[in-house]
Amino acid sequence: MKNINRNKQFFFDFGRDYEASLDNFFFTSKNKLLKAELENFLSGEVSQNVFLTGANGDGKTFLLNSILNHELTQNLQVIYIDVALLNQEKNYLEGLSDFDLICLDNIDKTPKTLEVQIFNLINQCKDSSTNLLFASSNHPTSFNFLPDLVSRLKAFKQYKIHSIEDEDVIDCLNFVVSKLRLNYSEDLIIYFSTRIKRDFQSIKTAIQGFDKFLYSEQKQPTKMSAASFLKTYL
């Protein structure tokens, strides 16, 4: 990667998930448009600036990593940066306009001293082929940033990750169970659907934990086993 020394590269690796894949992200019915737009972002020949907004646990970081890991970006220079972790006294963003894709995570947690750096980065990439993909828990209109930076961020294509709703939970559970190649009954899926948190990471973690519990306790996947597991898990 250009203009990145080893110390910086090591620092930027925090938050990288090299196993993340769009195929392993559960897109609710309200997120089908988002899926189509991300696929368009990957295949587009013209550089794009995209801003993703979603609540904690909705999968913003996972989606950024999935884009970085996609087969269409394998021959490109890409980088992931969690701006909330950046040292305020250093300019880690200088020279990044040479990259093909820059993913900045947790934009809403940008330290005050980094606002100018992000503003300059956007300007440097404006006339290049660099694609920018930013993610935040809040929409740019709510930021108390430099007005010029807010204006630049608002000009990005804006997409929202819709949270998993009650009617999505069973489909999400079936999705996770299928991806993990598990064999759970419909009754067991329904049992879990009324007892776990409604975000993808919590659902995935719960099912993975239950599978480990079954293995360690030598139990079958039944509602009674699930009740025993949830007593210690929740």
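Bear in mind the structure is a predicted one, so any value in this text is a computation, not a measurement. (Residues numbered from 1 in each chain as written. Predicted model: local features only at pLDDT ≥ 70, side-chain atom pairs only at ≥ 80, totals over all residues. Heavy atoms only, no water.)

Caption draft 1: A look at the nonpolar core. Within the largest apolar cluster, 26 residues are counted, with the highest numbers of intra-cluster contacts made by Ile102, Leu104, Ile107, Ile118, Phe134 and Leu153. Mapped onto this core, the elements with two or more residues apiece are strand E2 (78-82), strand E3 (101-105), helix H4 (115-126), strand E4 (131-136) and helix H5 (147-154). With 5 residues, the top contributor of residues to this core is H4. If sequence neighbours within four positions are ignored, Leu104 has contacts with Leu64, Ile81, Val83, Ile118, Leu121, Leu133, Phe134 and Ala135. (Core = buried A, V, L, I, M, F, W, Y, C linked by side-chain atoms within 4.5 Å. Buried < 20%, exposed > 50% of the residue type's maximum accessible area, 1.4 Å probe, protein only. Helix = DSSP H or I, 4+ residues; strand = E, 2+ residues; numbered from the N terminus. Contact = heavy atoms within 4.5 Å.)

Caption draft 2: Region of interest: the packing of aromatic side chains. One pass over the full model with this rule turns up 15 aromatic pairs. Arg195 extends its terminal NZ or CZ atom over the ring of Tyr191, reaching a point 3.7 Å from the ring centre. (Phe/Tyr/Trp six-rings, centres within 6.5 Å; stacked < 30°, edge-to-face > 60°. Lys NZ or Arg CZ within 6 Å of the ring centre and 35° of its normal.)

Caption draft 3: Focus on the pattern of salt bridges. Tallying each qualifying case throughout the model produces 3 salt bridges. Across the pair Glu165 and Lys30 runs a salt bridge whose closest N-O atoms are separated by 2.9 Å. Placement of the pair is Glu165 in the loop between strand E5 (157-160) and helix H6 (169-179) and Lys30 in the loop between helix H1 (6-12) and helix H2 (32-43), with a sequence separation of 135 residues. Note that Asp166 and Arg198 form a salt bridge whose closest N and O atoms lie 3.2 Å from each other. Linking Asp166 in the loop between E5 and H6 with Arg198 in the loop between helix H7 (186-193) and helix H8 (200-217), this pair joins segments that are 32 residues apart in sequence. The exposure class assigned to Arg198 is partly exposed, which follows from its relative accessible area of 31%. (Salt bridge = Lys/Arg side-chain N within 4 Å of Asp/Glu carboxyl O.)

Caption draft 4: Structural detail: the sheet that holds E2. Reading across from one edge, E2-E3-E4-E1-E5 is the order of the 5 strands in this open sheet, with parallel pairing throughout. Two strands lie at the open edges of the sheet, namely E2 and E5, each paired on one side alone. Going across the sheet, the axis of each strand differs from the next one's by a mean of 15°, ignoring polarity. With 4 bridges joining them, E3 and E4 adopt parallel strand pairing. In the strand pairing of E4, Ile102 is matched with Leu132. (Pairing = 2+ DSSP bridges. Axes fitted to C-alpha atoms, helices over the stretch in contact; angles between N-to-C directions.)

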